[in-house]
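Below, each chain spelled out in residue letters.
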Amino acid sequence: MSAYLVLIGLVVAERLAELVVARRNLAWARARGGVEHGRGHYPWIVAAHVVLLAAAPAEVWLLGRPFVPALGWPMLAVVLLAQGLRWWCIATLGRQWNTRVVVVPGLPLVSGGPYRWVRHPNYVAVVAEGLALPLVHTAWLTALLFTAANAVLLTIRITVEDRALASCST
């Protein structure tokens, strides 16, 4: 359990680092006329991720979920790969990356890095991590509930993002 708490703590630290980058990029985008879209869903996304990071260790502790190596180690690999993909997305988008949907008019769509193959690779990372992180320590209930909630939120988010990007490219 203590190693799992360290993992959760590292993911929390990673999220905080993302927020620092996002805040800096938001200021940069706003200074260049960036427009935020879909503000209403953003607090729900934040809440879902906070609940994920709290519920997974709580489920392990309260329901006595064991670490099952045959599941835990592969799921840890998925979590690590998801982090790598997430930061590849952040590096590829550079100043255009944000945790919010902010579009700076006149900037072209990014088509390099993982965007060569997948339109929304960051969300692939989010889905993979949201499923795998709880399963590192068999918190299957958290994995199931987060994945369901995340599916709804990402459906909204991707619709907002696609519309925002389309409106700026016309």
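One can find the structure itself at the top, above this paragraph.
Below is a short write-up of the structure. Starting afresh in each chain, residues are numbered from 1 along the sequence in its written order. Only residues with pLDDT of at least 70 get local features here, since the model is predicted, and only at 80 or more are side-chain atom pairs given and counted; chain-wide, interface and lining totals rely on the full set of residues. Only hydrogens and water are set aside when side-chain values are computed; all heavy atoms of the structure are taken into account.

## Digging into the environment of Thr92
Working step 1: Mapped onto the secondary structure, Thr92 falls in helix H3 (residues 69–93).
Working step 2: Any pair of residues with heavy atoms lying within 4.5 Å of one another is described as a contacting pair. Apart from the residues lying within four places of it in its own chain, the contact partners of Thr92 are Val110, Gly112, Gly113, Pro114 and Tyr115. A run of H or I in DSSP counts as a helix once it spans at least four residues, and a run of E counts as a strand once it spans at least two, with each numbered from the N terminus.

## Quick notes on the nonpolar core
Working step 1: Membership of the largest hydrophobic core comes to 15 residues, with the highest contact counts inside it found for Tyr4, Leu7, Leu133 and Val136.
Working step 2: Those elements giving two or more residues to this core turn out to be helix H1 (2–31), helix H2 (42–63), H3 and helix H4 (121–135).
Working step 3: Top contributing element to this core by residue count: H1, with 4 residues.
Working step 4: In this structure, Tyr4 is in contact with Ala56, Pro57, Val60, Leu133, Pro134, Val136 and His137, ignoring residues within four places of it in sequence. Put simply, buried Ala, Val, Leu, Ile, Met, Phe, Trp, Tyr and Cys residues joined by side-chain atoms within 4.5 Å make one nonpolar core. Exposure categories follow from relative accessible area, calculated using a 1.4 Å probe and restricted to protein chains: below 20% of the type maximum is buried, above 50% is exposed, and the middle band is partly exposed.

## Thoughts on H3
Side chains three or four residues apart in an α-helix point the same way, a direct result of the helix having 3.6 residues per turn.
Working step 1: Between its terminal C-alpha atoms H3 stretches 36 Å, which fits the 36 Å expected from 25 residues at 1.5 Å a residue.
Working step 2: Considered for burial, the residues of H3 that qualify are Gly72, Met75, Val79, Ala82, Gln83, Leu85, Arg86, Cys89, Ile90 and Leu93.
Working step 3: Where H3 is buried, its residues touch H1 and H4.
Working step 4: Once H3 finishes, Gly94 follows within two positions and takes phi at roughly 60°, a positive value. Here, expected helix span is obtained from the residue count minus one, scaled by 1.5 Å.

## Quick word on the packing of H1 against H4
Working step 1: As a packed pair, H1 and H4 sit with axes 11 Å apart at the nearest point and diverge in direction by 155°. Of the possible angle classes, the one that applies to H1 and H4 is roughly antiparallel. Facing H1, whose interface residues are Tyr4, Leu7, Ile8, Val11 and Arg15, H4 presents Glu129, Leu133 and Pro134. Each axis is a line fitted through C-alpha atoms, and for a helix only the stretch in contact is used; angles between axes span 0 to 180 degrees, taken between their N-to-C directions. Geometric relationships in this document are graded by angle, where less than 35 degrees denotes roughly parallel, more than 145 denotes roughly antiparallel, 65 to 115 denotes roughly perpendicular, and other angles denote oblique.

## Some remarks on unusual backbone geometry
Working step 1: Located in the positive-phi region is Thr138, a residue other than glycine, with phi close to 55°.
Working step 2: With respect to the element layout, Thr138 can be found in the loop between H4 and helix H5 (140–169).

## Side note on the packing of H2 against H4
Two numbers describe a pair of packed helices, the interaxial angle and the distance between the axes.
Working step 1: The N-to-C vectors of H2 and H4 enclose an angle of 20°; their axes lie 9 Å apart at closest approach. As judged from the angle between their axes, H2 and H4 are roughly parallel. The element H2 and its partner H4 pack so that their crossing is left-handed. Contacts between H2 and H4 involve His49, Leu52, Leu53 and Ala56 on the former and, on the latter, Val126, Gly130, Leu133 and Pro134.
Working step 2: Asp, Glu, Lys and Arg are counted as charged, while Ala, Val, Leu, Ile, Met, Phe, Trp, Tyr, Cys and Pro are counted as nonpolar; the rest, among them Gly, fall into the polar class. Looking at the contact of H2 with H4 residue by residue, the class counts come to 6 nonpolar, 2 polar and no charged. Whether a crossing is left-handed or right-handed is set by the direction in which the near helix is turned from the far one by less than a right angle, anticlockwise for left-handed and clockwise for right-handed.

## Looking at the layout of surface pockets
Working step 1: The computed volume of the largest pocket comes to approximately 1100 Å³.
Working step 2: Cavity and pocket criteria rest on a 1 Å grid covering protein atoms alone: a 1.4 Å probe that fits but cannot get out defines a cavity, protein on both sides within 12 Å along at least 5 of 7 lines defines an open pocket, and an atom within 4 Å of a point defines a lining residue. Around the largest pocket, the lining comprises 46 residues; the ones closest to its centre are Trp97, Asn98, Thr99, Tyr123 and Arg157.
Working step 3: Mapped onto the lining of the largest pocket, the elements with two or more residues apiece are H1, H2, H3, strand S2 (101–103), H4 and H5.
Working step 4: Sorting elements by how many residues they give to the lining of the largest pocket places H1 first, with 8 residues.
Working step 5: For the lining of the largest pocket, the residue count by class is 28 nonpolar, 10 polar and 8 charged.
Working step 6: Grid points are joined across faces, edges and corners, and a volume is the space filled by probe spheres set on the points. Counted as a void, the second largest pocket has a volume near 160 Å³.
Working step 7: Here the residues of the lining of the second largest pocket sort into 8 nonpolar, 2 polar and no charged.

## Describing the packing of aromatic side chains
Working step 1: The aromatic pairing rule takes the rings of Phe, Tyr and Trp, using the six-membered ring of Trp, and pairs them if the centres are within 6.5 Å, calling planes under 30 degrees apart stacked, those over 60 edge-to-face and the rest tilted. Within this structure, the stated rule accounts for 2 aromatic pairs.
Working step 2: Measuring from ring centre to ring centre gives 6.1 Å for Trp88 and Trp117, while their planes differ by 50°; the resulting arrangement is tilted. With a gap of 29 residues between them, Trp88 in helix H3 and Trp117 in the loop between S2 and H4 connect regions that are remote in the sequence.
Working step 3: We classify Trp88 as partly exposed; its relative accessible area is 38%.

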